[in-house]
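# A structural walkthrough
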Amino acid sequence: MTALECPLPIEEGEVVLLGHGAGGRLSAELLEDLLLPAISGSSGRGLIGRVPLEDAAVLPATGGAELVVSTDSFVVSPLFFPGGDIGSLSVHGTINDVAMMGAMPTALTVSLIIEEGLPLATLERVARSLGEAARAAGVAVVTGDTKVVNRGAADQLFITTTGLGTRLPGTRTSAAYAAPGDVVLLSGPIGLHGTTVLSTREGLGFESDIATDSRPLHHLVRAIAKAGGSAVHVLRDPTRGGLATTLNEIARDSAVTVEIDEAAIPVPEAVAAACDLLGLDVLHVANEGCLVAFVAADKAEDVLTAMRAVPGGEGAVRIGHVADWPAGRVVMRTLVGAHRVVDMLAGEQLPRIC
Amino acid sequence: MCLGIPGRIIETHESAGLLMGTVDFGGVRREVCLACTPEAEVGSYVIVHVGFAISIVDEAEAQRTLAVLRAIPDAIATELGEPLPAAPGGDTR
Amino acid sequence: MKYLDEYRDPALARKLLAELTATATEPWRIMEVCGGQTHTLVRQGIDDLLPAGIRMIHGPGCPVCVTPLEVLDRAHAIAALPGVVFTSFGDMLRVPGSHTDLLALRARGADVRPVYSPMDAVRIAVAEPAEQVVFLAVGFETTAPANALAVQQADRLGLDNFSVLVSHVLVPPAITTLLEDPDCEVQAFLAAGHVCAVMGWRAYEPIAAKYQVPIVVTGFEPLDLLEGILMAVRQLEDSRAEVENQYVRAVRRDGNTDAQHAIETVFRIADRPWRGLGPIPDSGLVLAPDFARFDAATRFEVGGITTAEHPECIAGEILTGAKLPTDCTAYGTRCTPRNPLGAPMVSGEGTCAAFYAAGRVPRKVEA
């Protein structure tokens, strides 16, 4: 066949893909290769090697406790889903990021980007949910902003929240502090949030009794810090990109191997079914209400007991441990007893038929 | 290729001339086309691929397969599989 | 989930492995034809546990991997047209053509939507009558009845805004082609359970007899695969070459005649090329004359398609089992799931992607 005119350009300049926002490898590349060098003004190479990317920043203490700050945008569609909505999610997501640095969130800022035409009743419902979630978590909304954009310039409603908190004395958690011998604890079942949101999508939809696990985790963090103190090395909530991506980030930033046991990872039956149906890997599915804690072995049992005593931590389990080699990998002992490397989510999570 | 998942028919109906049904997959329910398994009844398990039932699960055969496997004698008690690189101080369970 | 979880039982898996160890006396080479089987083998690490040097060769059973570049390029050209809603199984969205992929096209404004079922594409066509809805109808015999019924449904509903770009392939001609290759390493096959759920296994009986090769119709869970491998090894050890059925709970000898009837009504068997294997006679499906008006390839004029495979990619040799991904000079460096050069690196079941996800490296660095 002879070439006439191909409607597609041969050479394409790269553009942003949805996968750049999925929290996996593409997201990391966007940050490390473009955003961080551009913003920091340095070449970027070597920058990431020394500075792990955390859920929140710790600012130097000025007199009292260290200040922790984190910011996050929420663009979930639909706005309302079983067990939650964009309002409560925007509170939980940000205060959990603050909490992962071993801090108690105290204040929240809220910025709304609203699409022209959004029913006021919808906006009110989201705002009420946001307010209730903040009050329930004991966090004050201290300032905010509202912008309205043309129809089509945003999808109904986007929310950005910034959380502030103070670090608990004696805690010092970082994705770079996992050490060989650490025990890996998981606070509860995985996959609920991601499959819940997916169940509402056009073309992929299904009915189920699954609800999001979106919840504040700072009470759990307080219990972990109290029981484990400085033996608590890493705290992370495996949100976008799922447990696999979070563990890979920790393995990379700490230069260790994380070994997990597939049989020990709690997956609700309906979540497993949704993943089987759509061909998804539950380790890549988003969560909004669980955390992983890396704890020195001698304190692990105490921390586990403390976690189980806190609402939201009843299902806490030990899922693995840290080894020192080969560095930067996550290895899973599979159900049948073999071992395989667990990779982070590549780009966008897509259902498959084969 | 060909992801196919077994689920239980909980209801059947006709939609635009096609036999359809709601199938429950361990707590997840989806509408499935049953046109190729017309003899499937409510309560039957079918194997579903891209929203279409392609086969009715033969429950007696399913049990027999498992019975055959369970009847294999336990030849070795040791765990199979390559050990991971040593994990100093770690839990290698 | 019932009929899945029981077949993932670790204790029974160990029994099967022990039985396999007691049975196998040679390093048999067995090909699992289906990508879904490859997925389970690699995700569970089963191929690493096999005794006696038994090697699994991952076959051409992944539509992502065998869909010809020409079809992909045509799909991309159609998706880029204004007024087209391009629907596809999620698997195909990241597959690179000569120039681009569907996700990149979407980022540039094309209306590309992943669907779970071809019926969802029909539903979109009903709901959005002003749009031309195109469905990329790829797959093996398992998917063919679904795609056939979707076309029949569009016909019944009188939809003139629905069409399909068909790239259907058939397994038995591909197995025959592999066996005709003098370099073929395969000593036994695990046939794809869901393909056989639709088609039955009569078509495999003459193949087993002519080429004296055991063929075991096998399911997709760990125990299914281990039992299928055990049945194949028993045949090899006994010098038998029969078609056996491991997946008895889902597959009967005649398959699903209602599903076969749907395929025969809507499609016709035709010659077609496979990416990596080349042209194979009578190995594909095209729309039958009564349904030709639903053919997206004739509905949309996109000009000539010039294809260009990456010169470094050895997809063909990977698909025939002649080479391993780790034999490729680009594997893991210039070719990764993030930047795939060829199809086997794209799909989760693509041999190269499966190797990459499992962390397999060209030389064993693990002690």
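Residues numbered from 1 in each chain as written. Chains lettered and ligands numbered in written order. Predicted model: local features only at pLDDT ≥ 70, side-chain atom pairs only at ≥ 80, totals over all residues.

## What about the confidence of the model for chain A?
Stated formally: On a range of 0 to 100, pLDDT expresses the predictor's confidence in each residue. A pair of residues counts as a contact when their C-beta atoms, built from backbone coordinates, are within 7 Å of each other.
Model confidence for chain A is summarised by a mean pLDDT of 90, while 92% of its residues fall at 70 or above. Note on residues 44–50 of chain A: pLDDT under 50 across the span, and nine contacts to partners over four residues away in sequence or across chains.

## A closer look at the domain arrangement of chain A
Interface size, as often reported, equals the accessible area lost upon joining of the parts. All names here are of chain A. Convention followed: Just so you know, the domain bounds were taken from an automatic or database domain assignment. A run of H or I in DSSP becomes a helix once it reaches four residues, and a run of E becomes a strand once it reaches two; helices and strands are each numbered from the N terminus.
For chain A, the domain assignment lists domain 1 (54–167) and domain 2 (183–341). The C-alpha-based centres of domain 1 and domain 2 are spaced at 23 Å. Contacts between the two partners involve 19 residues from domain 1 and, on the opposite side, 20 residues from domain 2. Of all the elements in the fold, those that place two or more residues in the side of domain 1 that touches domain 2 are helix H3 (86–99) and strand S5 (103–115). Ranked by the residues each element gives to the side of domain 1 that touches domain 2, the list is headed by H3, at seven residues.

## A word on the confidence of the model for chain B
Residue and element names in this part refer to chain B. Chain-level pLDDT for chain B is 82 on average; 77% of the residues reach the 70-or-more range. Every residue in residues 76–93 scores below 50 in pLDDT, and together they form 35 contacts with partners more than four places removed in sequence or on other chains. Predicted complex, confidence summary: ipTM 0.90, pTM 0.89.

## Regarding the sheet that holds strand S7 (residues 157–167) of chain A
Residue and element names in this part refer to chain A. In plain terms, the rule: Only when DSSP finds a minimum of two bridges between them are two strands counted as paired. The convention used is that axes are lines fitted to C-alpha atoms, helices contributing only their stretch in contact, and that angles between N-to-C directions extend from 0 to 180 degrees.
One open sheet accounts for five strands, arranged S1-S2-S7-S5-S6; its pairing is mixed. The open sheet has two edge strands with one neighbour each: strand S1 (57–59) and strand S6 (140–149). If you compare each strand with its neighbour and ignore which way they point, the axes differ by 20 degrees on average. When S5 meets S6, the two strands line up parallel, connected through nine bridges. Its bridge partner being in S6, Ser111 is matched across the sheet by Asp145. On top of the sheet, helix H4 (residues 120–137) reaches S5, S6 and S7; it is set at about 175 degrees to S5, its chief contact.

## Looking at the interface of chain C and chain B
To be explicit about the condition: For this scheme, ten residues count as nonpolar: Ala, Val, Leu, Ile, Met, Phe, Trp, Tyr, Cys and Pro. Four count as charged, namely Asp, Glu, Lys and Arg, and the remainder, Gly too, count as polar.
Taken together, the contacts link 52 residues of chain C with 38 residues of chain B. For the side of chain C that touches chain B, the secondary structure elements donating two or more residues are helix H1 (10–23), helix H2 (35–44), helix H3 (46–49), helix H7 (118–127), helix H8 (144–156), helix H10 (193–199), helix H12 (222–237) and helix H13 (257–266) of chain C. Among the elements that make up the side of chain C that touches chain B, the one with the highest residue count is H1(C) (eight residues). Here the residues of the side of chain C that touches chain B sort into 30 nonpolar, ten polar and twelve charged.

## Details of the interface of chain A and chain C
Between chain A and chain C, the contact holds 39 residues from the first and 50 residues from the second. Elements supplying a minimum of two residues to the side of chain A that touches chain C: helix H8 (269–278) and strand S15 (339–341) of chain A. Of all the elements, H8(A) adds the most residues to the side of chain A that touches chain C, at five residues. A class-by-class count of the residues in the side of chain A that touches chain C yields 23 nonpolar, six polar and ten charged.

## Observations concerning the pairing of strand S5 (residues 52–56) of chain B
All names here are of chain B. Defined as follows: With C-beta atoms placed from the backbone, a residue is buried if 20 or more other C-beta atoms are within 10 Å of its own, exposed if 12 or fewer are, and partly exposed between those counts.
By the criterion of burial, S5 is predominantly enclosed, with five of the five residues buried. Across four bridges, the pairing between strand S4 (residues 45–49) and S5 is antiparallel. Bridged to His49 within S5 is Phe52.

## A look at the environment of A:Pro52
Residue and element names in this part refer to chain A. Tracing the backbone through its elements, the reader meets Pro52 in the loop between helix H2 (47–50) and S1. For Pro52, a count of 16 C-beta atoms within 10 Å corresponds to the partly exposed category. Sequence spacing of Pro52 and Leu112 is 60 residues, and the spatial spacing of their C-alpha atoms is 29 Å.

## Side note on the pairing of strand S7 (residues 188–192) of chain C
Residues and elements named next belong to chain C. Burial analysis of S7 places five of its five residues in the buried class, which makes it a mostly covered element. Where strand S1 (residues 29–34) meets S7, three bridges bridge the pair, whose relative direction is parallel. In the sheet register, Met31 faces S7, and the bridge partner there is Phe189. Where S7 lies against strand S8 (residues 215–218), four bridges are found, and the strand directions are parallel. Looking across to S8, one finds that Phe189 is bridged to Ile215.

## Observations concerning the nonpolar core
Operational definition: Under the definition applied here, buried Ala, Val, Leu, Ile, Met, Phe, Trp, Tyr and Cys residues are grouped into a nonpolar core through C-beta atoms within 7 Å.
Judged by nonpolar contacts, the single largest core of 267 residues is most densely connected at A:Leu185, A:Ala274, A:Ala293, A:Val303, B:Ala53, C:Leu165 and C:Ala191. Ranked by residues supplied to this core, first place goes to H12(C) with nine residues. Residues from two domains meet in this core; each of domain 1 (54–167) and domain 2 (183–341) of chain A gives at least three. Apart from the residues lying within four places of it in its own chain, the contact partners of A:Val303 are A:Leu185, A:Ile224, A:Ala227, A:Gly228, A:Val232, A:Ala293 and A:Val295.

## Here's the deal with the sheet that holds strand S2 (residues 55–61) of chain C
Residues and elements named next belong to chain C. With parallel pairing, five strands are arranged side by side in an open sheet as S2-S1-S7-S8-S9. In this open sheet, the two edge strands, each paired with only one partner strand, are S2 and strand S9 (243–245). Within this sheet the neighbouring strands show an average axis-to-axis angle of 25 degrees, counted without direction. Here five bridges tie S1 to S2, and the two strands are oriented parallel to one another. If you follow Ile30 over to S2, its bridge partner there is Met56. Its contacts with the sheet put H12 on S1, S7, S8 and S9, and the angle it makes with S8 is roughly 165 degrees.

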